[in-house]
Amino acid sequence: PIDECFAQDSEAKLTAYLPEGSIAWLKTDVDEKDDLGRWLTYAWSSDGLFLNLALAGDGYVRAEPTPPNLTLYPEIERAGQNAASRFAGLWGRCR
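What you see is a predicted model, and the numbers here were worked out from it, not measured in a lab.

S.K.: Help me out: how do you make sense of the state of the cysteines in this one?
M.R.: Here, disulfide denotes a covalent bond that connects the sulfur atoms of two cysteines. Tallied over the entire structure, the rule returns one disulfide. What pairs with Cys-5 in a disulfide is Cys-94, and their sulfur atoms sit 1.9 Å apart. Handedness here is read from the sign of the S-S torsion; for Cys-5 and Cys-94, about -85°, the answer is left-handed. One end of the pair, Cys-5, is in the segment before α1 (7–17); the other, Cys-94, is in the segment after α4 (90–93), and 89 residues separate them in sequence.

S.K.: Would you take a moment to explain the pattern of salt bridges for this structure?
M.R.: Oppositely charged side chains are able to pair whenever their charged atoms sit close together. Following the criterion strictly, the structure yields two salt bridges and no others. One salt bridge connects Arg-93 with Asp-9, and the closest N-O pair in it is separated by 3.2 Å. Taken together, the positions of Arg-93 in helix α4 and Asp-9 in helix α1 put the pair 84 residues apart, joining distant regions of the chain.

S.K.: Hey, could you run me through unusual backbone geometry in this one?
M.R.: Note: most residues except glycine have negative phi, and most peptide bonds are trans. Residue Pro-67 is joined to Pro-68 through a cis peptide bond whose omega torsion reads 5°. Even without a glycine there, the phi angle at Phe-87 is positive, about 55°. Along the chain, Phe-87 falls in the loop between α3 (73–85) and α4.

S.K.: Looking at this model, I keep getting lost on the side chain of Ser-45. Mind explaining?
M.R.: Following the sequence through the fold, Ser-45 ends up in strand β2 (residues 39–45). Taking relative accessible area as the criterion, Ser-45 reaches 5% and is therefore assigned buried. Side chain to side chain, Ser-45 and Asp-47 meet in a polar contact 2.2 Å long. Non-local contacts of Ser-45, meaning those with residues more than four positions away in its chain, are made with Tyr-17, Leu-18, Ile-23, Trp-25 and Leu-51.

Quick notes on the rules
- Residues numbered from 1 in each chain as written.
- Predicted model: local features only at pLDDT ≥ 70, side-chain atom pairs only at ≥ 80, totals over all residues.
- Heavy atoms only, no water.
- Disulfide = S-S within 2.5 Å.
- Helix = DSSP H or I, 4+ residues; strand = E, 2+ residues; numbered from the N terminus.
- Salt bridge = Lys/Arg side-chain N within 4 Å of Asp/Glu carboxyl O.
- Buried < 20%, exposed > 50% of the residue type's maximum accessible area, 1.4 Å probe, protein only.
- Polar contact = N/O pair within 3.5 Å; in protein donor to acceptor, adjacent residues only side chain to side chain.
- Contact = heavy atoms within 4.5 Å.

Put into structure tokens, the structure is as follows:
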């Protein structure tokens, strides 16, 4: 089970954007994986929704820089800051 604050909400939102069986387009940056072996990707739904940006902008995820993978980070970070300023999603519930 996921027990971090707002994690279940975030997982549900991602599933709503990308239901089981959906096609997603993934793009890696400089490094494909982090030191823990987790994939580091940017993701788009088949209808062109930039999922990283949408989730950050609605307050479902925090934008975390993962150098050297910073190509699209500034855009995602701005969306996350906007969500935080509106207390959207996790920003209104998690402290």
